[in-house]
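So the chains spell out like this:
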Amino acid sequence: MRFFERDGTLGAGLFAGVLFGVEFVLIFRGLLLTSASRAVVFLYTAPFFVALGSYRFLGERLRVAQWAGWV
């Protein structure tokens, strides 16, 4: 597999990188307004909010194994 071969994923990779950077900026800004312990609780519960939001707004149906984190 060639490392510098063009496969059309540059745009998606840059977009994901920008979102990742924005996440850290928002965490930093949030820590100015609350304690670190509350921020940690929010970060660890975020996947559950995403799962519930995908169920509510996108109609995603998760199996029991997916809720448990096995898949």
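Just so we're clear, the structure is a prediction, and the values are computed from it rather than from any experiment.

1. Let's talk about the overall build of the protein chain
In terms of regular secondary structure, the protein chain is built from 3 helices and 0 strands. Its helices and strands taken in sequence order, the protein chain reads α-α-α from the N to the C terminus. The principal-axis extents of the C-alpha atoms in the protein chain amount to approximately 45 × 35 × 25 Å. Carbon and sulfur atoms form 70% of the exposed surface of the protein chain, whose accessible area is close to 6,900 Å². With 7 positive and 4 negative side-chain charges, the protein chain shows a separation of 11 Å between the mean positions of the two kinds.

2. Points about the packing of aromatic side chains
Each aromatic ring pair is characterised by the separation of its centres together with the angle its planes make. Taken as a whole, this structure holds 1 aromatic pair when the rule is applied. With centroids separated by 5.0 Å and ring planes inclined at 80°, the aromatic side chains of F20 and F24 adopt a geometry described as edge-to-face. Of this pair, F20 and F24 both sit in helix α1 (residues 10-31), 4 residues apart, which is roughly one turn of the helix.

3. Thoughts on the confidence of the model for the protein chain
Looking at the protein chain, pLDDT values average 90 and 100% of them are 70 or higher. Predicted confidence in the protein chain is weakest over helix α3 (residues 64-68), with a mean pLDDT of 84, and strongest over α1, with 94.

4. Some words on the environment of T45
As for its placement among the helices and strands, T45 is situated in helix α2 (residues 36-57). In this structure, the C-alpha to C-alpha distance between T45 and G11, residues 34 residues apart in sequence, is 29 Å. Side-chain polar atoms of T45 contact the backbone oxygen of V41, separated by 2.9 Å.

5. Focus on the environment of F57
Along the chain, F57 falls in helix α2. F57 gets classed as exposed once you look at its relative accessible area, which sits at 69%. Sequence separation of F57 and D7 is 50 residues, and the distance between their C-alpha atoms is 32 Å.

6. Notes on the side chain of S54
Summarising the element assignment, S54 is placed in helix α2. A residue is classified by how much of its surface remains accessible, and S54, at 15% relative accessible area, is buried. Here S54 is in contact with G59 and E60, once residues within four sequence places are set aside.

7. Comments concerning α2
An ideal rise of 1.5 Å per residue puts 32 Å on 22 residues; α2 measures up with 30 Å between its terminal C-alpha atoms. Burial in α2 covers these residues: A39, A51 and S54. Residues of α2 that are buried in the fold lie against α1 and α3. Positive phi shows up at G59, right after α2, with a value of about 75°.

Here is what the cut-offs are and how they apply
- Residues numbered from 1 in each chain as written.
- Predicted model: local features only at pLDDT ≥ 70, side-chain atom pairs only at ≥ 80, totals over all residues.
- Heavy atoms only, no water.
- Helix = DSSP H or I, 4+ residues; strand = E, 2+ residues; numbered from the N terminus.
- Areas by Shrake-Rupley, 256 points an atom, 1.4 Å probe, with all protein chains shown as cover.
- Lys, Arg positive; Asp, Glu negative; His and termini not counted.
- Charge placed at Lys NZ, Arg CZ, Asp CG, Glu CD.
- Phe/Tyr/Trp six-rings, centres within 6.5 Å; stacked < 30°, edge-to-face > 60°.
- pLDDT = per-residue confidence, 0-100.
- Polar contact = N/O pair within 3.5 Å; in protein donor to acceptor, adjacent residues only side chain to side chain.
- Buried < 20%, exposed > 50% of the residue type's maximum accessible area, 1.4 Å probe, protein only.
- Contact = heavy atoms within 4.5 Å.
- Expected span 1.5 Å × (residues − 1).

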